[in-house]
Amino acid sequence: MIEAQGLTKRYGKTLAVDDLSFSVTPGKVTGFLGPNGAGKSTTMRMILGLDNPTEGQVRIGGKRYHELHHPLRTVGALLDAKWVHPNRSARAHLAWMAKSNKISPRRVDEVLETVGLSAVANKRAGGFSLGMSQRLGIAAALLGDPEVLLFDEPVNGLDPEGILWIRKFMHRLAEEGRTVFVSSHLLSEMALTASELVVIGKGKLISQSSTDDFVARASENSVKVRSPQLDVLRDALTRASATVAPADDGVVVSGLDIAKIGEIAMENGVVLHELSPQRGSLEQAFMQITGDAVEYHADLEAEAQRALAPTAN
Amino acid sequence: MTLLAVERIKLLSTRSPWWCALVALVVTAGFTALVVGNADEQFPATVATTQFGYSFGLAVIMVLAALAVTTEYRFGTIRTTFQAIPNRGSALLAKTTVIAALSLVIGEVTAFVCWGLSTLLQPNADLALNSTADWINVAGVGVVYAVAAVIAVAVGILVRHSAGAISLLMIYSLAVESLIQLIPSIGDDIYEWLPFNVANKFLMGDGGSNSGRAADAGMPLSTSPLSPGWALAYFAAFAAVLLAIAITTAKKRDA
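Residues numbered from 1 in each chain as written. Chains lettered and ligands numbered in written order. Predicted model: local features only at pLDDT ≥ 70, side-chain atom pairs only at ≥ 80, totals over all residues. Heavy atoms only, no water.

- Taking an unreviewed UniProt entry as the reference, chain B is identified by name as ABC-2 type transport system permease protein belonging to Prauserella flavalba.

- Per an unreviewed UniProt entry, chain A goes by the name ABC transporter ATP-binding protein and belongs to Prauserella flavalba.
- Under the UniProt heading Sequence similarities (unreviewed entry), the note attached to chain A is "Belongs to the ABC transporter superfamily." (UniProt positions renumbered as here; feature names shortened; annotations may be inferred.)

## Quick word on the overall build of chain A
So, step 1. Across its full length, chain A carries 11 helices and 13 strands.
So, step 2. Sequence separation of 24 or more characterises 69% of the internal contacts of chain A that already satisfy a separation of 6 or more.
So, step 3. Per element, the accessible surface of chain A, about 15,200 Å² overall, is 50% carbon and sulfur. (Helix = DSSP H or I, 4+ residues; strand = E, 2+ residues; numbered from the N terminus. Contact = heavy atoms within 4.5 Å. Areas by Shrake-Rupley, 256 points an atom, 1.4 Å probe, with all protein chains shown as cover.)

## Overview of the nonpolar core
So, step 1. Grouped together as the largest cluster of nonpolar side chains are 141 residues, with contacts concentrated most on L150(A), F151(A), F181(A) and I157(B).
So, step 2. Counting residues per element, this core draws most heavily on helix α7 (residues 132-159) of chain B, at 15 residues.
So, step 3. Discounting residues that sit within four places of it in the chain, L150(A) has contacts with I2(A), M44(A), I47(A), L48(A), V75(A), G76(A), A77(A), L78(A) and F181(A).
So, step 4. Counting 14 residues, the second largest nonpolar core, distinct from the first, contains L230(A), L237(A), A242(A) and I264(A). (Core = buried A, V, L, I, M, F, W, Y, C linked by side-chain atoms within 4.5 Å. Buried < 20%, exposed > 50% of the residue type's maximum accessible area, 1.4 Å probe, protein only.)

## A few points about the packing of helix α8 (residues 162-180) of chain B against helix α10 (residues 195-204) of chain B
All names here are of chain B.
So, step 1. In contact at an axis separation of 9 Å, α8 and α10 are set at 95° when each is read in the N-to-C sense. Compared by their axis directions, α8 and α10 come out roughly perpendicular. Contact residues: Y172, S173 and E177 in α8; P195, F196 and N197 in α10.
So, step 2. Looking at side-chain class alone, the contact of α8 with α10 contains 3 nonpolar, 2 polar and 1 charged residues. (Axes fitted to C-alpha atoms, helices over the stretch in contact; angles between N-to-C directions. Parallel < 35°, antiparallel > 145°, perpendicular 65-115°, else oblique. Nonpolar A, V, L, I, M, F, W, Y, C, P; charged D, E, K, R; others polar.)

## Regarding unusual backbone geometry
All names here are of chain A.
So, step 1. Non-glycine residue K102 carries a positive phi angle of around 50°.
So, step 2. In this fold, K102 is placed in the loop between α2 (90-100) and α3 (105-114).
So, step 3. You will see that K202, though not glycine, has its phi angle at about 50°, which is positive.
So, step 4. In this fold, K202 is placed in the loop between β8 (196-201) and β9 (204-210).
So, step 5. Note on K202: relative accessible area 40%, which makes it partly exposed.

## Considerations on the environment of A146(B)
Residue and element names in this part refer to chain B.
So, step 1. Within the secondary structure, A146 is located in helix α7.
So, step 2. Residues A146 and N38 lie 108 residues apart in sequence; the distance between their C-alpha atoms is 30 Å.
So, step 3. Filtering out sequence-adjacent residues up to four positions away, A146 remains in contact with A100, S103 and L104.

## As for the domain arrangement of chain A
Quite often, the size of an interface is put as the accessible area lost when its parts meet.
So, step 1. Domain annotation of chain A identifies domain 1 (2-217) and domain 2 (220-279).
So, step 2. Using C-alpha coordinates to define each centre, domain 1 of chain A is positioned 46 Å away from domain 2 of chain A. (Domains from an automatic or database assignment.)

Below you can see the structure in the form of structure tokens.
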């Protein structure tokens, strides 16, 4: 159980995390979703007591992180897989962590076995691939058999096999009744991994809901309509409180069911040339929701034009 | 005790401390061999001459100690450390203790190897350790290394970057202290109280280990007005204050 209340972090003039309150419950995977630079990692560091909040607080099972006795036995975390001394072996890395929280040395071999690194346990961690480093990071998180697990962008840079492995792994941890909090900037990934979502943008909470609700809201369908009597139809739809936006040779209607639009057309005796659902991708919809809250905007259109320009010649 | 064991595992599970220990030994012993081997009747070898090269090892020890901290910042393991041990003060104190202990051992080994080597090179010179001053001059090297390691750890915690911390330590201990003497009228008064000059006073005293000669074949004598005992206390207190500042800073800062 993680509870954040009014969590705020200010770096000079920038407000990295702004009055953030949310809770993460045990027994399921909770996704922590937001664009890059939204404040996810900062929040995770504050949960672990690495960064001090400017205001507000975060509690784990009712306690602040520094009040936990042998914290690795309560909270396991993978914030950055590269946080390992490159000349230290995987086993030595886990050995000192185990020692620090009075965890039995046998547990080191157990977690190495769990993540499949037993064969390279005595190799220096600097020579590990990203996937192997990620596994070592997970082994470190699991070391104290903790109730609460935090993962920051665990699938970043992994191959499909690695992604699938991590996804299954998180489900297993949640099924064992643990609290699993995992951040990502990809809604498509979170839709497959998490059953609850905490969504933030520019450090502010955008929503906390079940993933299904969020996805339904994010991919709210719009309908393309073409008709020779567009003016009549537009008035009728607007009266039915739909949003009507002009498109190439027709209009795009949102906020109304596709069947309802057909019925309204019928009632008004309007001929329809096209009535088709427009399904934006999940990512597009997510970008719409967090659109205002993206810290670093890239002009994607212009970027695409520029990329295409040489091939056009 | 647990925290000491943690830091011992961390320190000894990488190769750099072993290399630094070896370099400290080889450089210091090599320089001693050159000095003692070339001693003649005009400048006979003394106990002080056998420890002439100690400042070379000192530089290496400070690099080792600073690196033990700055690499933790460089590779992010300091965050893992604070995650495992949220009480940053204890974690950093344990680290300092382990590094200081290792430096003490390296210092003692180096000092006695240099002394032993000298007795082999100059079997006829009077190199026996038969006064307190002689003993301090040899056995004190490890103690100075240990205190210098604490200073280096503190600077490492404050600066956090390897290159920055090491250049600061090297430039200060090798150049700044002696350059301050050049300031007109007040330079010498300030120099008397600078830590590495004072540490030299602890080792050399008033030159008892050097057969009463000043700087002909041995380290130049310290200008510190303190007695050797107080000189050590002053040097250690300087290190302790620096460490306290560093730990207080680390507690407040975001890791």
